[in-house]
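Now for the letters of each chain:
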Amino acid sequence: MAEFKKANSMGEWFDQRLGVVNFSKVMMTEYWIPKEINFLWAMGMILAVMFKLLLISGIFLLMYYKPDVNMAFDSVNYTIMQDVAYGWLFRHIHAVGASVIFLIIYIHMFTGIYYGSYKKGREMIWISGMLLFMLFSAEGFSGYMLPWGQMSYWAAYVITEIFGGIPVIGGDLVVWIRGNFYVADATLTRFFMLHVLLIPLAILGAIAFHFYALRFPHVNNESGEFFDYEEEAEKFKAGDKKGAKVIPFWPVFLSKDVFVLGVFLIFFFYLVFFHYGFAMDPINFDKADGLKTPAHIYPEWYFLWSYEVLRGWFFEIAGVSGKDLGLMAFGFANAIFLVMPWLDRSPMVKPANQRPYFKYWFWLMIADLMVLTEFGKLPPTGPNAWVGFGASLTFLVLFIALPFITKAEAKKVGGK
Amino acid sequence: MKEFKILAVIIALVGITYYGIEPYAHSVMHPEVAAADFTFKDVKNVDTSLAGNAENGKVLVEANCIACHAIESASHPQMMPNADAAAAYGVTPPDLSHAGRIYDKNYLANFIFDPVSAMHLQHKFGPDTGKTFPMPSYNWMTPQEIMDVVAYLQSIAPKVAEGKEGHKVTFEAACGRCHSMKYAGIEATTPTENLKTYMGATPPDLSQHIKSRGEHYLHSFINDPQVLLHGTAMPRVGLTEEAQEEVITYMEEIGDSKKAERETVGLWVMLYSVVFALFAFLWKRKIWEEVH
Ligand code: HEM
C-alpha cells in the first residue's frame, strides 16, 4: 500500500483515499459539452431527475402496497390514497411521473432524430437509449397492472394476448407469461416483482451505460458541427471562455439544465396536483372484474401509437389474417427505431430542417405518429378503422423508404 | 428567440395530441346526454298544486305504510330485521324519516300513485314481465289524500342535512338499501344474495365512484339512470337537486377525502417551484454571462 501523509483538510483526506479531485474533474469540471445547445439538451437531465422521483415515490408506495388480487385495489385506493399521511402525494407523483417521463422520453428521442445524433460515432448512445425506452415501456406496463383496476386487468389481458399470435409457441408463451391460463393472482405477483426489482435494476444499469456511451463521441450540438474537443477545452482552460466552443458540465451545462428543470417542475407539479386524470384513468378506479369487459379498452397514451399499428390491420390480405398482419406490423414498429442509425444512409449530421429530403420524412413521421396516437384511442369503427389502417401502412412505408430517401439525399449533397 | 420558437412547436404538437386523446376522445366515447330534470315533469298522475293536510296524512301513513317502512323520526320502528324484510319484499324498504326532504315533491306524489312508472322500471315490472313491484300502487287514493301523505312526510323530515354526518344520513336514506360503501363502513341494508335475486345485478360498492364515474356523470346518472345505462335495474330515486348534491358530496368526502389537502399542498409546491425556477434562472444567467 502507498504511504499516506497526514491530511491537512477533509478534502485532502478523501482525495488520498478516493481520488476525489481527479474524479470530479473527469466527471464534472472537465467533462466537456458543446456550447451551442438549446433547452432540448436538458431533456436527458430532466429524465434522470424524473427517474429519481419515480424511484423515491415508488419506495414509499412499496411500504403499503399489497401484491394480492384481493388486497391490491384497496391497499392503493384506501390505504395509500386516504389513510397513510401523504400517501396520495406519492401515488400522484408516481402515476403522473410515469406518464410524463414518456412525454420527455419522446421529446428526447425525436430531438435525437431531428439533429441526427444517432450516427457517425453516436450509434451506441442511440442503442442504449432505445434499450432504456424498451425497459421503460416494460416498467410502465407492469406498473399499470398493480392497482388492479379494470383497465389494469383488461390492458394486461389484451397485451399479453398479443403474444398468443406468435406462431407455434404463442399459446404456451401466453400461459408462461401470465403464470395461469388467464390474468390472475400469479400474473399480478410476477409483474410486481418485475416492476419493483428486475426492471428497475436493469434501468439503473442501462442509464449508466447510456451515460458512458456519451463519453467518447460527446453530445451533438445545434448545428451538427464536428470539432476538436481537446483544442477547444485548452482554449477554455486558458481563459478564452467566450471563444471556446465547449463548456464544462459543471457548473455551466448544469446551470442551464437546472433552470430548464425548474420550469419543467412547475408544469409537472401542476399536473400532479390539479390535472392528473390523463395519467390515472377513471376506469381504473373500478376494481378488476374478469367478467365485465369495459366498453372501451385502451392502453396508456404512450403505447397508443404502437397499439394502433397493431389494430390498423383488420382485414385479410392474400390469405394472411388481419390479426397476423397486425402482429407483424407491431413487431416491426417496436424494433425499427433501434436500427435508425443504419436506416439513415446520409452522412449529414444537421438539423432535419437543413436536410433537403430528410426534413419531409421527419415531419411526416411525427404527423403519422400523432394520427396513430389519436386513432389508437378512438373506437376502431367505421371510417376510424380505415384511418388507422392508412396511418399504420404509412408508418411502415416511411421506414422502408428511409434508406432510399437518405441515399438520394447523400447523392444530392455530394457526401457532405 | 429560437428557443421560444422550439418551445412553441413542442407545445403545439403536444397540445394537439393531448386535445385529441383526452377531451376529444372522451366526448366521442361518452356523448353528452339530456340535462338532468329535477322537476320530474314526465310523471303527472297527481295534481301536486293541491295543498296537503299533514294531520290527515299521518292517519293515512299509519294505516298504509308502516307495515313495511320504519319511520324512526315519528317513533315507528322497523317491523322486522333487515334480512327478514328483504326476504319478504326482495329489498329492505327504506326508513321514511327523511323522505319528505330528500325526494322531490312531484316525484314523491307520483311515486306513491304508481312506483314503477316514477322509477322508470316498466321494463322490469311492466304488465308483461310477470313480476310485481313489492310496494303497492296507491292509485286508489285521491290526489288530495296523496298530497296529504306528502305533506305529512315533509312535516316530520329534518329540514337540513349538514356536514359529513348529515350527508351520510342522506346517502343512507337514498341509496343505503342497495349500495354499500366499504370505505365509510356502510353496508347495504339488504343482504347481497337478496339484492342479486331482486335486481338481477349486484349494485356496486360506491366507495370510489366519485373517481371512476366523476361528478358530471353522477349528476345525470342519479337523476335518471336509464339515460346513461339504458335498461339498467337501478331505479330512478327521485332526489331533489339539493339532496343529490349531498349524496355526491358524501361520495367525494369518502372517495376523495384528501382533496382539500391536495389542493392546498399543491399551491405551496407550485409556489416553491416558481421560486426555484427564478433562482435557477438568475444562477444560469450569471454563469453563462462568462461564456457568451
Ligand atoms: C430515462 C431514460 C433516459 C435518460 C435518463 C437519458 C439521459 C440522457 C442524458 C443525460 C443525455 C445527455 C444530455 C442530452 O443530450 O439530453 C442523453 C443524451 C442522449 N440520449 Fe438519452 N436518456 C434516456 C433515454 C433515452 C432514449 C429512450 C433515447 C432514444 C433512443 C435516448 C437517446 C439519446 C441520444 C441520441 C442522446 C445524445 C443527444 C445528443 O448527442 O445531442 N435517450 N440522454
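What counts and what doesn't
Residues numbered from 1 in each chain as written. Chains lettered and ligands numbered in written order. Predicted model: local features only at pLDDT ≥ 70, side-chain atom pairs only at ≥ 80, totals over all residues. Heavy atoms only, no water. Helix = DSSP H or I, 4+ residues; strand = E, 2+ residues; numbered from the N terminus. Rg over C-alpha atoms; globule rule 2.2 N^0.38 Å. Contact = heavy atoms within 4.5 Å. Domains from an automatic or database assignment. Buried area = accessible area lost by both parts, 1.4 Å probe. Salt bridge = Lys/Arg side-chain N within 4 Å of Asp/Glu carboxyl O. Polar contact = N/O pair within 3.5 Å; in protein donor to acceptor, adjacent residues only side chain to side chain.

Quick word on the overall build of chain B
Then comes step 1: Tallying secondary structure elements over chain B gives 15 helices and zero strands in all.
Then comes step 2: Its C-alpha radius of gyration of 26 Å places chain B more than 25% over the 19 Å reference for a compact globule of 292 residues.
Then comes step 3: Across its three principal directions, the C-alpha atoms of chain B cover 95 × 40 × 40 Å.
Then comes step 4: Excluding contacts between residues fewer than 6 apart, the proportion of contacts in chain B whose partners are at least 24 apart in sequence is 73%.

Points about the domain arrangement of chain A
Residue and element names in this part refer to chain A.
Then comes step 1: Per the domain assignment, the segments making up chain A are domain 1 (37-297) and domain 2 (303-416).
Then comes step 2: Taking the mean C-alpha position of each, domain 1 and domain 2 sit 23 Å from one another.
Then comes step 3: Across the boundary between the two partners, domain 1 contributes 28 residues, which contact 31 residues of domain 2.
Then comes step 4: Interface area, domain 1 with domain 2, both sides summed: about 2500 Å², of which 72% is carbon and sulfur.
Then comes step 5: Counting the surface domain 1 buries against domain 2, the share from its top three residues, Tyr114, Lys119 and Ile162, is 25%.
Then comes step 6: Where domain 1 packs against domain 2, one counts one salt bridge.
Then comes step 7: Across the pair Lys119 and Asp344 runs a salt bridge whose closest N-O atoms are separated by 2.8 Å.

As for the interface of chain A and chain B
Where interface size is quoted, it is often the accessible area lost as the parts come together.
Then comes step 1: Facing the 56 residues of chain A at the interface are 53 residues of chain B.
Then comes step 2: Both sides together, the interface formed by chain A and chain B hides about 5000 Å², and carbon and sulfur atoms give 69% of it.
Then comes step 3: Taken together, the links from chain A to chain B amount to six salt bridges.
Then comes step 4: For Glu3 of chain B, the salt bridge is made with Lys256 of chain A, and the minimal N-O distance between the two is 3.0 Å.
Then comes step 5: Scanning the region where chain A abuts chain B turns up 22 residue pairs in polar contact (both at pLDDT 80 or more).
Then comes step 6: Those elements giving two or more residues to the side of chain A that touches chain B turn out to be helix 4 (72-83), helix 5 (87-114), helix 11 (249-274) and helix 15 (358-377) of chain A.

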